[in-house]
Amino acid sequence: MSAKTTADQRLVLLRATTVYVTVPPINMINVEVTKKNNENITNLIRRFTKRMQGSGVLRRVRKIRYWDRPASDFKKKQTALRKMGRREEFEKLYKQGKISMERGRRRF
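Q: I'd like to hear about the packing of aromatic side chains, residue by residue, with values.
A: Using the criterion set out here, one finds 1 aromatic pair in the structure. Taken together, a centroid distance of 6.3 Å and an interplanar angle of 10° make the contact between Phe90 and Tyr94 stacked. Residue Phe90 and its partner Tyr94 are located together in helix H4 (residues 73–95), separated by 4 residues, close to a single helical turn.

Structure, rendered in structure tokens:
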């Protein structure tokens, strides 16, 4: 759809008879819904979303959306050592009375 589409062109695009989605990375799952004779757009979209949920496309996409490579053993050790150092520094300052034990206000 170009940036200069009119309202009539958008209406024609909404009245398409077939709606389909292809997710290429794994297994090439196609979800296709064809408009029936007296079916309105709301029911067509409802059937499409049901098919999408049933096919598992959304579940897979949400699963891989925030995938992060597992940290190496070296990085895990480094972060653990850094946390231990911060904890020791905090305890040292707490014993000296420079820091109180109260936590700051939590934000929601």
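Q: Provide a residue-level description of the side chain of Glu39, including the pertinent values.
A: As for its placement among the helices and strands, Glu39 is situated in the loop between strand E2 (29–34) and helix H2 (41–55). In this structure the side chain of Glu39 is engaged in a polar contact, spanning 3.1 Å, whose partner is the backbone nitrogen of Lys36. Those residues within four positions of Glu39 in sequence are excluded, and the remaining contacts are Thr34, Leu44 and Arg47.

Q: Describe the nonpolar core, with residues and values.
A: Val31, Val33, Leu44, Phe48, Met52 and Val57 form the largest nonpolar core, which has 6 residues in total. It is H2 that contributes the most residues to this core, 3 residues altogether.

Q: Please give an account of the pattern of salt bridges that cites residues and values.
A: Per the stated rule, a full pass over the model turns up 1 salt bridge. In this structure, the salt-bridge partner of Arg47 is Glu39, at a minimum N-O distance of 2.8 Å.

Q: With reference to specific residues and values, describe a nonpolar patch on the surface.
A: A surface patch of nonpolar side chains, about 290 Å² in accessible area, is lined by Phe90, Tyr94 and Met101. According to the relative accessible area criterion, Phe90 is partly exposed, its value standing at 31%.

Conventions and cut-offs
- Residues numbered from 1 in each chain as written.
- Predicted model: local features only at pLDDT ≥ 70, side-chain atom pairs only at ≥ 80, totals over all residues.
- Heavy atoms only, no water.
- Phe/Tyr/Trp six-rings, centres within 6.5 Å; stacked < 30°, edge-to-face > 60°.
- Helix = DSSP H or I, 4+ residues; strand = E, 2+ residues; numbered from the N terminus.
- Polar contact = N/O pair within 3.5 Å; in protein donor to acceptor, adjacent residues only side chain to side chain.
- Contact = heavy atoms within 4.5 Å.
- Core = buried A, V, L, I, M, F, W, Y, C linked by side-chain atoms within 4.5 Å.
- Buried < 20%, exposed > 50% of the residue type's maximum accessible area, 1.4 Å probe, protein only.
- Salt bridge = Lys/Arg side-chain N within 4 Å of Asp/Glu carboxyl O.
- Patch = residues over 30% accessible without salt bridge, like charges linked within 9 Å, V, L, I, M, F, W, Y side chains within 5 Å.
- Areas by Shrake-Rupley, 256 points an atom, 1.4 Å probe, with all protein chains shown as cover.

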